[in-house]
Amino acid sequence: MARSLQRSKAPEVLLSKKIVSQMSQIKQGAILSYFNLGLNVLIGLVYTPWMISSIGKADYGLYTLAMSIIGLLAFDFGLGNATTKFICEYLAHDRQDKVNALLGLVFKLYLALDALIFLVFMGVYIFLPDIYEGLTVSEMGAFKVVFIIAACYCILSFPFIPLNGILTGYEKFVQLKSCDLFQRIFIVITMAICLIYGYGLYALVIVNSAAGIITIALKLLVIKSKTPLKVNIRFWDNAELKRIFGFVIWVTVIALSQRMIFNIAPSILGIFADSAQIAVLGVAITIEGYTYLFANAISGMFLPRVSKMVAGKDVSAVQKLMVRVGRLQLFICGFIFIWFAVFGREFINLWVGPGYSAVYLCTLLFLIPIVIQLPQEIGITYIIAANKVRTQSYIYIGMAAINLVLAIPLSKFYGVTGLAVAIFTAFSYRTIALDLMFHKRMGLNMIVFFRDTFGRLLLPFALTTIIMILSNLIPVESWFGLILKSIVATVIFSIVLMTFGANKEEKTLIKSIIFRR
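Just so we're clear, the structure is a prediction, and the values are computed from it rather than from any experiment. (Residues numbered from 1 in each chain as written. Predicted model: local features only at pLDDT ≥ 70, side-chain atom pairs only at ≥ 80, totals over all residues. Heavy atoms only, no water.)

1. Let's talk about the pattern of salt bridges
Proximity of charged atoms lets side chains of opposite charge pair with each other. Within this structure, the stated rule accounts for 5 salt bridges. In this structure, R95 engages D97 in a salt bridge whose closest nitrogen and oxygen atoms are separated by 2.7 Å. Put simply, D452 and R456 hold a salt bridge, and the shortest N to O gap is 3.4 Å. Note on D452: relative accessible area 12%, which makes it buried. Residues joined by salt bridges that share partners form a network here, namely R451, D452 and R456. (Salt bridge = Lys/Arg side-chain N within 4 Å of Asp/Glu carboxyl O. Buried < 20%, exposed > 50% of the residue type's maximum accessible area, 1.4 Å probe, protein only.)

Laid out in structure tokens, this is it:
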């Protein structure tokens, strides 16, 4: 009797250990993510103005333009999300053989797409002078060299895009974030050496490429040593291919639509404006990117967990998770938005100089919609897990169309500020449309969500805003004054949050992170 009882409990014990291990990976991965992002912001505060002053405002604009084109043309066509989704699905049913076969098929698809991208890059290179008439002859010469270097890296690295999806599917979050952290540190150290010794724009692009290749090698090593994956490169199945494409085609539409925002924005300005305005846009996008990454650092880690909820048809669990994670994301992006709204002008003037005053308004227009959208990212994960990406793609097509229709005339007449208004309008449409989708089609109660997130955190955010505005009345325009005011605001926000905003579970989590050895 005792033995049979022990046997019946054994699977439960193993399952409990597995859940604990998964949660540990998520927590440690989240800590590494925020450490990485904190390092990025700290480095960016010092490194970005140093880079601009070293290579010049025009070259920085060319660097931003080249990276935007590469990001626009070289993307994973949705296969990255498909890889993670199907790996999670197969592993949930303990079908490692299916995972091996899937990856063999995916890698062959990536190689075929890589050849197509190579041809597209060649075509774009030929017509660069006709596309970007706003660049001078010397700027076009430098831009062509940068474009060639970045394009070669993209072609070499493109087949390895699924590596992140593989590590996420196997829940190797610590190893994935460690590789990303290494890449960032390597880039910063080598770029600093290049700037110190006077190497220019070309060296910076080469350093980025070299760091990416080394990181790919590290991720391959992790997959080989930490997962049972054995890619079946000979596998081919038309039914499986059709199933993958049924998901991928709509995710590809979403990815293309997203690239019709920030990736195409510098190109639109390149047609109607000069490199100085592209540099302004580059700084605004950098600040927006930091905010997005800080608040969204942990969302991707929940796809395996949400996939299991979908398999069990537990919508209420998804709703609770969305509120829990959404509140944590709102703590971060809400505070960043308030801080920038109050201290942003002073920060930009100290950070990159007086020639970037337009960055403040552009960044605010970028941040307003994402502060509302980012706390809902578990809903996006739910869409992927529930295979409802087709409906999501229609929303993103509308977002891209709105941006393009507005961006071209507004950029022509109002420059970078007009472009920011177009992006703000497109993002606002996306957020409203997704909320309606969550509420009407996905079974999530968005009224309850907004009540439990934004509604219950309104008081701490309002008090923090008032205190920041009062502290900003002190005319201290120096890094020391800004840092001092920021520290005071952060401490006060933390006290107000722990007193009026955070619930018992959140207080325990925050304390455990702060006092973790």
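Still more to cover.
2. So, the confidence of the model for the protein
Across the protein, pLDDT averages 80, with 83% of residues at or above 70. The weakest mean pLDDT in the protein belongs to helix α1 (residues 2–55) at 59; the strongest belongs to helix α18 (residues 446–455) at 92. Every residue in residues 1–17 is under pLDDT 50, and counting partners more than four places away or in other chains gives 0 contacts. (pLDDT = per-residue confidence, 0-100. Helix = DSSP H or I, 4+ residues; strand = E, 2+ residues; numbered from the N terminus. Contact = heavy atoms within 4.5 Å.)

3. As for the nonpolar core
Membership of the largest hydrophobic core comes to 146 residues, with the highest contact counts inside it found for F143, I166, V283, F340, Y356 and F438. Element by element, the count of residues in this core is highest for helix α14 (residues 315–351), at 18 residues. Filtering out sequence-adjacent residues up to four positions away, F438 remains in contact with M322, Q376, G379, I380, I383, G443, L444 and M446. (Core = buried A, V, L, I, M, F, W, Y, C linked by side-chain atoms within 4.5 Å.)

4. Section: the side chain of T431
By the secondary structure assignment, T431 is in helix α17 (residues 389–440). Once residues within four sequence positions are removed from consideration, T431 is found in contact with P369, I372, Q373 and Q376.

5. Observations concerning the packing of helix α7 (residues 162–169) against helix α9 (residues 201–226)
Closest axis-to-axis distance for the α7/α9 pair is 10 Å, and the angle between their directions is 35 degrees. Between α7 and α9 the crossing geometry is left-handed. Between α7 and α9, the contacting residues are L163, N164, I166 and L167 on the first element and I216, K219, L220, V222 and I223 on the second. (Axes fitted to C-alpha atoms, helices over the stretch in contact; angles between N-to-C directions. Left-handed = near helix turned anticlockwise from the far one by under 90°.)

6. Some details on the environment of A66
Inspection of the secondary structure assignment puts A66 in helix α2 (residues 57–73). On the accessibility criterion, A66 (0% relative accessible area) is buried. Each C-alpha atom of the pair A66 and I148 lies 9.4 Å from the other, and the pair is 82 residues apart in sequence.

7. Considerations on a nonpolar patch on the surface
A surface patch of nonpolar side chains, amounting to about 540 Å² of accessible area, comprises I126, F127, I131, I271, F272 and I408. Among the secondary structure elements, I126 is positioned in helix α4 (residues 96–126). (Patch = residues over 30% accessible without salt bridge, like charges linked within 9 Å, V, L, I, M, F, W, Y side chains within 5 Å. Areas by Shrake-Rupley, 256 points an atom, 1.4 Å probe, with all protein chains shown as cover.)

8. Some words on the packing of α14 against helix α15 (residues 358–373)
Packing of α14 against α15 brings their axes to within 10 Å, and their N-to-C directions diverge by 170 degrees. Our classification of the angle between α14 and α15 gives roughly antiparallel. In contact with L330, C333, G334, F337, F340, A341, G344, R345 and I348 of α14, α15 contributes V359, Y360, T363, L364, L367, I368 and V371. Each residue belonging to the contact of α14 with α15 can be placed in one class, and the counts come to 12 nonpolar, 3 polar and 1 charged. (Parallel < 35°, antiparallel > 145°, perpendicular 65-115°, else oblique. Nonpolar A, V, L, I, M, F, W, Y, C, P; charged D, E, K, R; others polar.)

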